[in-house]
Amino acid sequence: ASYQSSTLTLQHVTNINLHYAETLREWRRRFNAHADWVKAYLGFDDVFLRVWNYYLTYCEAGFYSRTENCLILKWSRVDGDMVVV
């Protein structure tokens, strides 16, 4: 595999699951607060609104229950004597 010859080293991992779940909840709240506008100006119907709510809720639950992950990976590489981040 290509990673075996890589000069990158994993420096830090940050799990933002709970933060992302909160973001999804806020997106859903804002989407529903503007549902009339979404239907009138964007032309979406009630079926679309239900599907989008299902998707946002499903993802939110996945991040809260930690069955889904959202990670920030920080990599670095040594370039001579200098560490490049």
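Residues numbered from 1 in each chain as written. Predicted model: local features only at pLDDT ≥ 70, side-chain atom pairs only at ≥ 80, totals over all residues. Heavy atoms only, no water.

**Section: the overall build of the protein**
- Regarding its fold elements, the protein presents 3 helices and 3 strands.
- Taken from N to C terminus, the helices and strands of the protein fall in the order β-α-α-α-β-β.
- Of all 85 residues assigned to the protein, the portion counted as buried reaches 16%.
- Sequence-distant contacts in the protein: of pairs separated by 6 or more residues, those separated by 24 or more amount to 69%.
- Of the roughly 6800 Å² of accessible surface on the protein, 57% is carried by carbon and sulfur atoms. (Helix = DSSP H or I, 4+ residues; strand = E, 2+ residues; numbered from the N terminus. Buried < 20%, exposed > 50% of the residue type's maximum accessible area, 1.4 Å probe, protein only. Contact = heavy atoms within 4.5 Å. Areas by Shrake-Rupley, 256 points an atom, 1.4 Å probe, with all protein chains shown as cover.)

**Section: the packing of aromatic side chains**
- What the rule picks out here adds up to 9 aromatic pairs.
- Relative to Phe-48, the ring of Phe-44 lies with its centre 4.0 Å away and its plane at 20°, an arrangement referred to as stacked.
- Considering the side-chain rings of Tyr-54 and Tyr-58, the 6.0 Å spacing of their centres and the 25° angle between planes classify their relative orientation as stacked. In this pair, Tyr-54 and Tyr-58 are both assigned in helix α3 (residues 46-64), 4 residues apart and thus about one turn of the helix distant.
- Classification of Tyr-58 as exposed rests on a relative accessible area of 52%.
- Put simply, the rings of Phe-31, Phe-44, Phe-48, Trp-52 and Tyr-55 pair up and form one aromatic cluster. (Phe/Tyr/Trp six-rings, centres within 6.5 Å; stacked < 30°, edge-to-face > 60°.)

**Section: the pattern of salt bridges**
- Scanning the entire structure with this criterion turns up 4 salt bridges.
- A salt bridge links Glu-26 to Arg-29; the nearest nitrogen and oxygen atoms lie 2.5 Å apart. Placement of the pair is Glu-26 and Arg-29 together in helix α1 (residues 17-33), with a separation of 3 residues, close to one helical turn.
- Given the relative accessible area of 26%, Glu-26 is considered partly exposed.
- Across the pair Arg-28 and Glu-60 runs a salt bridge, and its minimum N-O distance is 2.8 Å. Note that Arg-28 is positioned in helix α1 and Glu-60 in helix α3, a separation of 32 residues in sequence.
- Three or more residues are tied together by salt bridges with common partners; here these are Glu-26, Arg-29 and Arg-30. (Salt bridge = Lys/Arg side-chain N within 4 Å of Asp/Glu carboxyl O.)

**Some words on the nonpolar core**
- Ala-21, Leu-24, Leu-56, Cys-59 and Phe-63 form the largest nonpolar core, which has 5 residues in total.
- For this core, the secondary structure elements donating two or more residues are α1 and α3.
- Among the elements that take part in this core, α3 stands out by supplying 3 residues, more than any other.
- Every residue in contact with Leu-56, bar those within four places of it in the chain, is listed here: Leu-24, Trp-27 and Arg-28. (Core = buried A, V, L, I, M, F, W, Y, C linked by side-chain atoms within 4.5 Å.)

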